[in-house]
Each structure stands twice: as structure tokens, then as C-alpha cells.
Amino acid sequence: MLRSQECIILQDRNAWTGHRNVTRSGKGLGWIRGSTEALILLFYFLLYAFLTGMFALCIYGLLLTISPYVPTYRDRVFPPDYDDGKQMATNVECTPGQYFLQDGEEHEERKACQFRRSLLKNCSGIGDPSFGFSRGKPCILLKMNRIVGFKAGFGTPIFVSCGSYKGNDSHVGPVTFYPKNYFDLMYYPYYGKLSHVNYTSPLVAMHFTEVIPNHDVTIQCQINGQDIVNDHEKDRFLGRVIFTMNIG
Ligand SMILES: *[C@@H]1O[C@H](CO)[C@@H](O)[C@H](O)[C@H]1NC(C)=O
Ligand SMILES: *[C@@H]1O[C@H](CO)[C@@H](O)[C@H](O)[C@H]1NC(C)=O
Ligand SMILES: *[C@@H]1O[C@H](CO)[C@@H](O)[C@H](O)[C@H]1NC(C)=O
């Protein structure tokens, strides 16, 4: 290995000194030598120019296939403002029970449906800023991740259900859902954060009012609907949430 490297260095040095001798001894030969070097330089220049061009072209082609309106990775969006006044000022009232379809070019801005926090009634945090935790009747808010263009539920709203996780359901007690126990179709589809600027993710609040006290009660809440996976063996967060409560 080392030997062959040494060899190359020696060769280079020979070539260099040879070149100097040649230019000193005869003009014609020197010119030929010079023009060969120029050709080599030109060759490499063209080669690298070609490679740079190819690379730029590939990147350009790749960028063409990526739309800023459809996220490649998960959209990072700030939690929307559920304040009633803000919702009424920026968003429209939609018709429940049907998808809010808005035609138009990908870049056109879409209207968003109102989701007012007062819809969450006893779990809105308005009357009780502790969301029931101070009274041993905790509220848990559930939200689904956003999927661009996804018509959630395929016509039938995705609904939420809760029960004991590998335990006795009677320990969980009744659960009240606000505003309803499903995600209304009118909040779908979502058109992406660039066009659906004021989009407000719908919430389902789950109010646990009679969890058996002084016990670790592990609860599973899941979403149910067509094509919804909620019983993946390894992924305990796909289509469901599992948490433990101990009401003191
Ligand atoms: C989004 O909300 C802003 C105010 O925050 C409003 O000016 C704008 O018109 C809204 N956009 C759409 C598409 O409703
Ligand atoms: C909601 O709150 C009101 C008053 O704060 C109370 O009377 C009512 O029983 C609560 N409902 C539930 C289901 O906890
Ligand atoms: C669940 O618990 C209730 C009371 O806590 C009890 O009466 C019932 O037998 C239990 N059911 C099962 C399947 O363990």
C-alpha cells in the first residue's frame, strides 16, 4: 500500500522535472506538453461542470416533485387558539355531519371551521381552570394528528370509546364526552398548513366523573372507524392512548 503511494509521488516528481527539462530544451516540445496539460485541464473542467450540472438537475427534479402544500414529514403546527371570540372572528360555522370540501388550486387559501372551547362545556376550562382535576373528576382532551386530504371516517365519523386497559371496566365508571364522542366530518379534509391557515383541530373531551378512588386505574381510550388501527400489539399509541389514574 505504502509502496504504491511512494511510487506515484516519484512518478509525479519525474514528470514535473521532465517537463521543466523539455521546456528548457525545445520550444516545440514544450508547447505540445503545455497543450496536453491544457487539454487535461479542459477535460477536468468540463467533467466537473458536467457533474455539477447533473447534480443541480437532480436536485431540481427532486424539488419539483416536492410540494410545499403537502408535508413530507409531519407538519409542525402550533396549537390553535380555541378561544370563542378568536374562533368566531377567523373561522366560519360549518354544517355538521358532512365534509367541508373546498375546491380550488392547491395554493388557494381554505376556510376553516369553528371549534369553540365552550363546546367542551364542563371540560372547557372556562368555569373550572383545573379541568376537573381539583375535584377528582379529571378531563382529558383528545386530538387526532392531521393528515392532509384525509377524509376521516370515510363518511361515518370516527368515534371515541374508553374502557379499562386489561382490568375491570367498572373501575373506570361512566365517561362523558364533549361536545360529542366523535370527530365531526365537517373538520375534514385538512388542506395543509399553507392553505388551511386557520385550521382548528377538533377535540373530544373525556370527563371521568366516577373513577374508583385510591386505585391505580389504567384506562385505554381509542378511536374507532373504518381503516383505523387501534389494537396494534407493539404500538400502544396508534389509534389509542393508555394512561393510569389514581384518584386520591
Ligand atoms: C385567517 O385568520 C386571519 C386572522 O387571524 C384572517 O385575516 C384571515 O382572513 C383568515 N384566513 C382565512 C382563509 O379564513
Ligand atoms: C357540569 O358542571 C355543572 C356545574 O358546574 C354541574 O352542575 C354538572 O353536574 C356538571 N356535569 C357533569 C356531567 O359533571
Ligand atoms: C368488577 O368490579 C366489580 C366491583 O368493583 C365487581 O362486582 C365485578 O365482579 C368485577 N368484575 C370482574 C369481571 O372482575
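Note that the structure is predicted; figures quoted are calculated from it, not measured.

Just give me the short version of the UniProt feature "transmembrane region" (unreviewed entry) in the protein, but keep the residues and values in it.
Under the UniProt annotation, "transmembrane region" (unreviewed entry) lies at residues 38–66. For the annotated span residues 38–66, helix accounts for 97% and strand for 0% of the residues, and the straight-line distance between the end C-alpha atoms is 42 Å.

Can you break down the site of ligand 1 residue by residue, with the values?
The environment of ligand 1 is made up of Thr90, Glu109, Lys111, Val197 and Asn198. Considered class by class, the residues forming the shell around ligand 1 number one nonpolar, two polar and two charged.

Requested: an account of the sheet that holds strand S5 (residues 204–208), with residues and values cited.
The three strands lie next to each other as S1-S5-S3, forming an open sheet whose pairing is antiparallel. The open sheet terminates on both sides in strands that have one partner only, identified here as strand S1 (139–142) and strand S3 (175–178). The average angle at which neighbouring strand axes cross in this sheet is 25°, direction not considered. By the bridge criterion, four bridges tie S3 to S5 in an arrangement that is antiparallel. What sits directly across from Phe177, in S5, is Met206.

Tell me about unusual backbone geometry, and name the residues and values.
Following Tyr178, the chain continues into Pro179 via a peptide bond in cis, with omega recorded as -15°. With respect to the element layout, Pro179 can be found in the loop between S3 and strand S4 (182–183). Here the amide bond leading from Tyr188 into Pro189 is cis, since omega sits at -5°, within 30 degrees of zero. With respect to the secondary-structure elements, Pro189 resides in the loop between S4 and S5. Look at Asp227: it is not a glycine, yet its phi comes out positive at around 65°. Examined against the element boundaries, Asp227 turns out to sit in the loop between strand S6 (217–224) and strand S7 (240–245).

Rules of the game
- Residues numbered from 1 in each chain as written.
- Chains lettered and ligands numbered in written order.
- Predicted model: local features only at pLDDT ≥ 70, side-chain atom pairs only at ≥ 80, totals over all residues.
- UniProt positions renumbered as here; feature names shortened; annotations may be inferred.
- Helix = DSSP H or I, 4+ residues; strand = E, 2+ residues; numbered from the N terminus.
- Near = placed C-beta within 6 Å.
- Nonpolar A, V, L, I, M, F, W, Y, C, P; charged D, E, K, R; others polar.
- Pairing = 2+ DSSP bridges.
- Axes fitted to C-alpha atoms, helices over the stretch in contact; angles between N-to-C directions.

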